[in-house]
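# Coordinate analysis (summary)
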Amino acid sequence: MLDESMLDAPDDLARADRRGLLRGAAEAGARVRTAARYADEAGIGALAPEGRPRAVLVAGPGTAATGVADLIGALAGAAAPVIPIRPTGVAAAAGALRWALPGWAGSVDLLLIATADGSEPGLALLAEQAYRRGCTVVAVAPVRSPLRETVDGVHGLVVPMAAAPYGEYDAETSSAGPGTLWALLTPLLALLDRVGLVEAPADVLQKVADRLDRAAQRCGPAIATYSNPAKTLAAELADSLPLVWTEGEAAGPVGRRFAAVLAELAGRPALVAELPEALPAHGGLLAGAFAAGADPDDFFRDRVDEPETMRARVVLLRDRPTGGLTAAPAARELALSHETAISELEPEEGSELEMLAELLAVTDFAAVYLSLASDSRASDSRGSEGRGSEGRGFDDRDFGDRGFDDRDFGDRGFDDRDFGDRG
């Protein structure tokens, strides 16, 4: 259950944020700038490729690598097929995962490796396999990691992963952490721009960072719910089953990532589909047990001890201009005809990458708020049974009443006063 009162209590949010999720979301713009600089220092800007690869293969563990592959595929479009290499293994631990190239992969293909860990033996084996096949290998990994040495040894290119501006924190080890995606994605976008598969020159990446900063200012913890799109979405999804309907090439991977981080960070289920296929695919849910008007036959039963019923709520993510060909009116009509509430997010005008960044920022913040407010309610329940609340993270001064001002989003994210040594 969501504690909605906590959404407008910045100090409580700060204390509950033991994993540094809010900071990770707010630092996304700074991570883009740092990652772009690392890519340039690694020599990506000076590359002069002789042609496009036949296919782009993407490998890596966790939600971040899955999102990277999905986003690159959407941005590349028909320029080249983007194929994620799914890991196998007996567990999700770094030492247990294995990746293998498809049988047809060879010297005209490009292998991209994205990992926030870098200790996975399976990725090292994959890089060696790619070298034997003649594939070009490019990796984004932490500076001091075994994978970096392996890729260097097979004459591949390694770009250091942009770390959090204020050092390591818990979210860094979670591939669903909001800043991790951009730290891994940005250098690969710079590379694919040089190859000619996506449009992501340095000036566009700077605009992406600026758009992420503006989104962080609008969605910060001190901004009231009524004017905060992320908090509003989090409140609307309380005790709901989100049906995430996407429209547009860039919105599809954003919706899939939103569902993934809701599950991993907030422990909440969500279903995703693209319009117009979402209408028949999810139409049965709007008319069934999850419908807003659904109620058992015994209207006069005692409801005091009943758990809150989960009802469907449509979340419409769009990246298309309003005047274009769209299934949004049909989606609204279907939802409202079944008395189902609908939330809509549509970014401001800009490049495809800028609009994608804004949608990612708002949905990432919303997932973080759902996680923190839900965790707080669970913690309060445990505390009433005799557990203390010591060691919960930041103190009252970490988030003041001002939100995130312009000084908070320079090249490094927050200024020194927002996060001291107290963590």
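Basis of the calculations
Residues numbered from 1 in each chain as written. Predicted model: local features only at pLDDT ≥ 70, side-chain atom pairs only at ≥ 80, totals over all residues. Heavy atoms only, no water. Pairing = 2+ DSSP bridges. Helix = DSSP H or I, 4+ residues; strand = E, 2+ residues; numbered from the N terminus. Axes fitted to C-alpha atoms, helices over the stretch in contact; angles between N-to-C directions. Contact = heavy atoms within 4.5 Å. 1 Å grid on protein atoms, 1.4 Å probe; cavity = no way out; pocket = protein on both sides within 12 Å on 5 of 7 lines; lining within 4 Å. Points joined across faces, edges and corners; volume = space filled by probe spheres on them. pLDDT = per-residue confidence, 0-100.

### Description of the sheet that holds strand E9 (residues 342-345)
The strand order E7-E6-E8-E9 describes an open sheet built from four strands, whose pairing is parallel. Edge positions in the sheet fall to strand E7 (271-274) and E9, since each of these pairs with one other strand and no more. Across the sheet, the axes of successive neighbouring strands diverge by a mean angle of 20°, strand direction being ignored. Across the face of the sheet, helix H9 (residues 229-236) comes into contact with strand E6 (240-247), strand E8 (311-318) and E9 while running at roughly 155° to E9. Set on the sheet, helix H12 (residues 328-337) makes contact with E6, E8 and E9; between it and E8 the angle comes to about 170°.

### A few points about the layout of surface pockets
Empty space among the atoms becomes visible once a probe the size of a water molecule is rolled across them. Looking at the second largest pocket, its volume works out to about 360 Å³. Forming the walls of the second largest pocket are 19 residues, and the residues nearest its centre are Pro-49, Leu-110, Thr-136, Leu-191 and Val-195. Secondary structure elements with two or more residues in the lining of the second largest pocket: strand E4 (136-141) and helix H7 (178-195). For the lining of the second largest pocket, the element with the most residues is E4, which contributes three residues.

### Remarks on the confidence of the model for the protein
When pLDDT is averaged along the protein, the result is 85; 81% of the residues meet or exceed 70. Looking at the elements of the protein, mean pLDDT is at its lowest for helix H13 (residues 352-383), recorded as 82, and at its highest for strand E1 (residues 56-59), recorded as 98. Predicted confidence for residues 296-301 stays below pLDDT 50, and this span has four contacts to residues more than four positions away or in other chains. Ignoring residues within four places in sequence, the model shows residues 380-404, a span with pLDDT below 50, making 47 contacts including any to other chains.

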